[in-house]
Amino acid sequence: MRGGRAAAGYVDGMADRSPSRSLVLASASPARLKLLRAAGLDPEVVVSGVDEDALTAASPRELALVLAQAKADAVAAELDGDQLVVGCDSVLELDGLALGKPADAAEALARWQSMRGRSGVLLTGHCVIDRRTGLRAAEVAATTVRFGTPSDDEVAAYIATGEPLHVAGAFTLDGYASPFVDGIDGDPGNVIGLSLPLFRRLLDAVGVRIVDLWA
């Protein structure tokens, strides 16, 4: 009972908190928003409108970073307050190529035929911009994903859900595709769309404590 009262008091204390700064997520991804909310944050969502297909880079890692920075920059330029902006974008590196969202079901099928039984690296670029100070920090998180060997029928059923058409690499770790992923090496949040440990470090780099953003 003593532990229960302490826990209740802690929750009550947290209920009185309010974040010291406003956070803006420059992404339409519901998975990223869910991750941030689960970590005690309550960001405003502002979609960047960046044309991802128009941007290129020399490597998948650089592309993930370029995309994240472009999204953060575009949203930060639209705002008129002192918000913190975080932009993210993910690509799957397989055979040296950067794989984003498949264009259609046929491409999703080809992806899974190529991926199953193999490993790829999910790369997520992160960029944090502090509009109050102008400081910014950016980095890429990488997680190795070991794909299982779903049958042709299972792959077809998965593609029929429509899920793979909306996510980088044509798979999810927290959705219909989760039974088809044998394991990962690294941060699972990164595969879902945002690495919370990296986000904390980037905030620290611009002089902001993540605990001060808890809602």
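### Here we look at unusual backbone geometry
Thought 1: Even without being glycine, Asp95 reaches a positive phi, approximately 55°.
Thought 2: Even without glycine at this site, Ala170 takes up a positive phi of about 65°.
Thought 3: With respect to the helices, strands and loops of the structure, Ala170 is situated in the loop between helix 5 (152–160) and strand 7 (181–185).

### Re the nonpolar core
Thought 1: In terms of nonpolar packing, the biggest core is built from 21 residues, with Leu41, Val86, Val128, Phe199 and Leu203 touching the most fellow members.
Thought 2: Broken down by secondary-structure element, the contributors of at least two residues to this core are strand 1 (23–25), helix 2 (30–38), strand 3 (84–94), strand 6 (136–147) and helix 7 (196–205).
Thought 3: Among the elements that line this core, the one with the most residues is helix 7, at four residues.
Thought 4: In this structure Phe199 touches Leu23, Leu36, Leu41, Val86, Val128, Leu194 and Ile210, once residues within four positions along its chain are discounted.

### Notes on the pairing of strand 3
Thought 1: Within strand 3, 10 of the 11 residues are buried, which leaves the element mostly enclosed by the surrounding structure.
Thought 2: Pairing between strand 1 and strand 3: three bridges, direction parallel. Its bridge partner lying in strand 3, Leu23 is registered against Leu84.
Thought 3: Here strand 3 pairs with strand 5 (residues 119–130) via 10 bridges, running antiparallel. Residue pairing for strand 5: Val86 is matched across the bridge by Val128.
Thought 4: Hairpin connection of strand 3 to strand 4 (residues 97–99): two residues between the antiparallel strands, including Asp95 at a positive phi of 55°.

### A look at the pattern of salt bridges
Thought 1: One pass over the structure, following the stated rule, counts 11 salt bridges.
Thought 2: In this structure, Asp130 engages Arg21 in a salt bridge whose closest nitrogen and oxygen atoms are separated by 2.6 Å. Taken together, the residues Asp130 in strand 5 and Arg21 in the loop between helix 1 (2–15) and strand 1 connect sequence positions 109 residues apart.
Thought 3: Overall, the relative accessible area of 2% leaves Asp130 in the buried class.
Thought 4: Assessed through its relative accessible area of 9%, Arg21 is described here as buried.

### Things to note about the pairing of strand 6
Thought 1: As defined by bridge partners, strand 5 adjoins strand 6 across 11 bridges and the pair is classed as antiparallel. By the bridge assignment for strand 6, Val121 is matched with Thr144.
Thought 2: Where strand 5 folds back on strand 6, the antiparallel hairpin that results is connected by five residues, among which Gly134 adopts a positive phi of roughly 85°.
Thought 3: Sheet topology places strand 6 next to strand 7; four bridges connect them, and they run antiparallel. Bridging from a neighbouring strand, Phe147 pairs with Val181 of strand 7.

### Thoughts on the packing of aromatic side chains
Thought 1: Applying the stated criterion across every chain yields a total of five aromatic pairs.
Thought 2: Arranged with centres 5.6 Å apart and planes meeting at 80°, the rings of Trp112 and Phe147 form a pair that is edge-to-face. Linking Trp112 in helix 4 (residues 105–115) with Phe147 in strand 6, this pair joins segments that are 35 residues apart in sequence.
Thought 3: By relative accessible area, Phe147 is classed as buried at 3%.
Thought 4: Overall, Trp112 belongs to the buried group, its relative accessible area being 0%.
Thought 5: Taken together through their ring pairs, the aromatic side chains of Trp112, Phe147, Tyr158, Phe171 and Phe180 make up a single cluster.

Conventions and cut-offs
Residues numbered from 1 in each chain as written. Predicted model: local features only at pLDDT ≥ 70, side-chain atom pairs only at ≥ 80, totals over all residues. Heavy atoms only, no water. Helix = DSSP H or I, 4+ residues; strand = E, 2+ residues; numbered from the N terminus. Core = buried A, V, L, I, M, F, W, Y, C linked by side-chain atoms within 4.5 Å. Buried < 20%, exposed > 50% of the residue type's maximum accessible area, 1.4 Å probe, protein only. Contact = heavy atoms within 4.5 Å. Pairing = 2+ DSSP bridges. Salt bridge = Lys/Arg side-chain N within 4 Å of Asp/Glu carboxyl O. Phe/Tyr/Trp six-rings, centres within 6.5 Å; stacked < 30°, edge-to-face > 60°.

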